[in-house]
Every structure is written in structure tokens, then in C-alpha cells.
Amino acid sequence: MFDRLKNEIRNLSVINILLLTVAGVINAFGVIMFLSPVKLYDSGISGTAMLISKQTPEWCSLSLTLLVLNIPIFIFGLRKQGYTFTIYSIYTVMVYAVTAWLITDVFPVDVTIASPLAQQDLFLCAIFGGIISGCGSGLTVRFGGAIDGVDILGVMFAKKIGISLGSFVMIYNVILYVICGMTLDSWILPLYSIVAYVAASKTIDYCVEGFDRSKAAFIITTKPDEICRALTDAFENGITTLEARGYYSDSEKTMIYYVVNRFQISRMRKLIHGIDPKAYIAINEVSDIFHAKNPVD
């Protein structure tokens, strides 16, 4: 076990560590500078830690609660997630906690009653707090870790109780915000917290999957050669073809798999239907494309 841990530590990426440091700082900045001062709540374990820290004595700070709640969860998920992921995650949570402590207790920044940047405008605090903290969370995921233990709990227990990971996280957050509303005896702040959660979720998706997503077209046609030639002349992208058979017609067809950007979809559709008006086209979103360094064909 210790030999494996040593090998994993040797294989850690310095660049990833630096970027995870930035991610932890960004996440703390969004939460502490926008959400916490106006009593809005982050999602997941971070939101749970915020709720506990606000309802307990002053010594039980957000930074301490983050560490106490998150680190055992990451260690608990070690076997399923691996050493590298766990080390990256614990490190990022520690950066998040330390940065939160510096902002609240060391730096000359007043975050006790209002956001230093958005004052008490709940909508601005929810939007910008969600976007900034989501950026930190997304960067953490992109570079090999996680900044919130609720995803680990979802991986460990979602299938056992018969739901998806996304449903598990959503149910957890709904319960969290209901408890926040009951504790505060007000539903305004929990509802604005949901706005922050949605903004953070979308930002995480963009950070992990990229802003400029490509489109994958599945084209079913009886004129593959003409269509492939036209697509190659127009866009100069690689093409993959697969033999197919229509279920009802029992006729042989060809499926063409082709990746374009969103600006090329209209032109591609006109080219295809100009050659084969009966061609079937299905378009899906593609978040990442990886090219082989030494392609075989």
C-alpha cells in the first residue's frame, strides 16, 4: 500500500497542482466574497459546511468544517477513485479552506454583513458567487480532482439505492436547501441559493467540457461516396463510414459519422440533402475531441 502511494505521489503533475491551487482560491473567493456574507448557500458539502458554521459557535469556522466534512469522505472513496484523485481533491479542499480563512480572519476584508463587491444585492451575489465558485469547481474536475465530497457520496451510494449520480446530487441539494429554509425561517435565501447552484452547475459544465463544443452528425444515406466527397471538399475534416441496414426496408445503407462546428451545420445539411434528399441526419453535441498522434489511417 505504501509503495503504491509513493509511486502515485511521484506521478503527480506539478502543473495540475498549480492549477488546482488556483481552483481552490477561485472557489473560496466566490463563496466567501459573494455567497457567505449575505447568507446564501453553496451546494453539496460546501453548503452543508456553511450552514453548520453559521449555526455553531465561532470557533467552528467554515474552514474547519470544510476539512472535517470533506476529507473523511475523500478517504472513504479512496478505493473507488484512486490515490491520485484523492490526493488532488484533499489538496484542493485544503487550499479552499485556507483561502477562506485568510479572507475572513487575516485580510482586511469585511465579509460579515454584505458582499464587498455586490453589497446586499441577492441576485448579483447569487449569479456571480455561483459562476465564480463553479469556475473553481470545474477547474478542479478538469485537472483531476473534486472540491466537494457530495459527488463521491453519489458514486458510492447512488447505484445502491437505484438512482443516477445526478439525481443523488440533486436530491442532496434539495434536502440541504429545505433545511436551510427551515433553519432561517425564510425561503428567500434558499431560493436565491438555488440560483447560485444553477449558475455554478452550468459554469462547471463549461469548464470541464469547453465553451466551443463541436457537433457530431450521424448521416444515414444510400449515396455515401457522393456525400463524403462533397463534405471533404467543403470542410476537409475526417470522415468515418459504417455499413448499416434499414430495419423496415431491409435495404443496405451507409452511416457516416462526421464532426463539424456549429457554424457549419446549415451548410452541411444543404450539401447532404442536395445530393440525397432522403438522407437521415442526427446531430449530437461533442464536448471533447482527441486526435491520435500517429493515426493508422
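Note: the structure precedes this text.
A short tour of the structure in this document, coming up. As the structure is a prediction and not an experimental result, all values here were calculated from the model.

Between its first and last C-alpha, helix α9 (residues 165-184) extends 29 Å over 20 residues, near the 28 Å set by a 1.5 Å rise per residue. On its buried face, α9 is in contact with α3 (44-54), α8 (150-157) and α10 (188-209). Positive backbone phi, at 55 degrees, marks D185, one or two positions downstream of α9.

With that out of the way, let us pick up the packing of aromatic side chains. Taken as a whole and assessed by the stated rule, the structure comprises seven aromatic pairs. Seen from their ring centres, Y247 and Y248 are 5.1 Å apart, and the 80 degrees between their planes marks the pair as edge-to-face. Linked through ring pairs, F29, F34 and F128 together constitute an aromatic cluster.

Sheets are built from strands that pair by backbone hydrogen bonding, the pairs being arranged parallel or antiparallel. The antiparallel open sheet is built from four strands, whose spatial order is β2-β3-β1-β4. The outermost strands of the open sheet, each flanked by one partner alone, are β2 (239-245) and β4 (280-286). Within the sheet, the average angular offset between the axes of one strand and its neighbour, ignoring direction, is 20 degrees. Where β2 meets strand β3 (residues 252-260), seven bridges bridge the pair, whose relative direction is antiparallel. Note on β3: the bridge partner recorded for T240 is Y257. Strands β1 (214-221), β2 and β3 of the sheet are contacted by helix α11 (residues 224-235), whose axis makes an angle of about 10 degrees with β3. Contacts from helix α12 (residues 265-275) reach β1, β3 and β4 within the one sheet, and its direction differs from that of β4 by about 160 degrees.

Bringing α12 into the picture now. Considered for burial, the residues of α12 that qualify are I265, M268 and I272. Projected onto a plane normal to the axis of α12, the buried residues spread over an arc of 65 degrees and lie on a single side. Among the exposed residues of α12, those oriented more than 90 degrees off its buried face are K270 and G274.

Under the criterion given, the structure shown has three salt bridges. In this structure, R245 engages E252 in a salt bridge whose closest nitrogen and oxygen atoms are separated by 3.4 Å. Judged by its relative accessible area of 60%, E252 falls in the exposed class. Counted as one network, the salt bridges with shared partners bring together R245, D250 and E252.

A cluster of nonpolar side chains, contributed by M170, I171, V174, I175, V178, I179, M182, W187, L191, I194 and V198, occupies part of the molecular surface with about 1000 Å² of accessible area. Those elements giving two or more residues to the nonpolar patch turn out to be α9 and α10. Residue contributions to the nonpolar patch peak at seven residues, all from α9. With respect to the helices and strands, the residue W187 is situated in the loop between α9 and α10.

Let us look at the state of the cysteines. Under the definition given, this model contains zero disulfides. There is no disulfide at C135, and the cysteine sulfur nearest it, in C207, is 4.1 Å away. Judged by relative accessible area, which is 24%, C135 ranks as partly exposed.

In contact at an axis separation of 9 Å, α9 and α10 are set at 150 degrees when each is read in the N-to-C sense. Taken as axis vectors, α9 and α10 run roughly antiparallel relative to one another. Between α9 and α10 lies a crossing whose hand is right-handed. Residue-level contacts link V169, M170, N173, Y177, C180, G181 and L184 of α9 to L189, P190, S193, I194 and Y197 of α10. When its residues are assigned to classes, the contact of α9 with α10 shows nine nonpolar, three polar and no charged.

This part is about the side chain of N16. The residue N16 is located in helix α2 (residues 14-35) in this model. Residues contacting N16, with those up to four places away along its chain left out, are Y88 and F143.

Turning next to the nonpolar core. In summary, soluble globular proteins display a tendency toward joint burial of nonpolar side chains. By size, the foremost hydrophobic cluster in this structure holds 41 residues, and its most contacted members are V31, I32, L40 and L62. Of all the elements in the fold, those that place two or more residues in this core are α2, α3, α4 (62-76), α6 (83-106), α7 (122-142), α8, α9 and α10. Sequence-distant contacts of L62, that is, excluding residues within four places in its chain, are made with V31, I32, S46, A49, M50 and S53. Grouped together as the second largest cluster of nonpolar side chains are 13 residues, A217, I256, I265 and A279 included.

The rules behind each value
Each chain carries its own residue numbering, running from 1 in the written order of its sequence. Only residues with pLDDT of at least 70 get local features here, since the model is predicted, and only at 80 or more are side-chain atom pairs given and counted; chain-wide, interface and lining totals rely on the full set of residues. Side-chain figures throughout are based on the complete set of non-hydrogen atoms in the structure, without hydrogens or water. In this description a helix means any DSSP run of H or I spanning at least four residues, a strand means any run of E spanning at least two, and both kinds are numbered starting from the N terminus. Each residue after the first adds 1.5 Å to the expected span of a helix. Contact between two residues is taken to exist if any of their heavy atoms lie within 4.5 Å; hydrogens are not considered. A pair of aromatic rings is counted whenever rings of Phe, Tyr or Trp (Trp by its six-membered ring) have centres within 6.5 Å, and the orientation is called stacked for planes under 30 degrees apart, edge-to-face for over 60 and tilted otherwise. By the convention used here, strands pair only if DSSP detects at least 2 bridges between them. Note on geometry: axes are lines fitted to C-alpha atoms, helical ones only across the stretch in contact, with angles between N-to-C directions running from 0 to 180 degrees. Classification of residues uses two cut-offs on accessible area relative to the type maximum, computed with a 1.4 Å probe and protein chains only: under 20% is buried, over 50% is exposed, and between them is partly exposed. In this description, one arc is meant: the one made by directions from the helix axis to the C-beta atoms. Here, a salt bridge means any Lys or Arg side-chain nitrogen found within 4 Å of an Asp or Glu carboxyl oxygen. Within this analysis, patches are made of residues with over 30% relative accessible area and no salt bridge. Like charges are joined at 9 Å or less; nonpolar side chains (Val, Leu, Ile, Met, Phe, Trp, Tyr) at 5 Å or less. Each accessible area is a Shrake-Rupley result for a 1.4 Å probe, and residues are judged covered by the shown protein chains and nothing else. For the purposes of this analysis, a disulfide is any pair of cysteine sulfur atoms at a distance within 2.5 Å. We call two directions roughly parallel when the angle between them is under 35 degrees, roughly antiparallel when it is over 145, roughly perpendicular when it lies between 65 and 115, and oblique otherwise. In this scheme the crossing of two helices becomes right-handed for a clockwise turn of the near helix relative to the far one and left-handed for an anticlockwise turn of less than a right angle. Classes in brief: Ala, Val, Leu, Ile, Met, Phe, Trp, Tyr, Cys and Pro nonpolar; Asp, Glu, Lys and Arg charged; the others, Gly included, polar. To define a nonpolar core, start from buried Ala, Val, Leu, Ile, Met, Phe, Trp, Tyr and Cys residues and group those joined through side-chain atoms within 4.5 Å.

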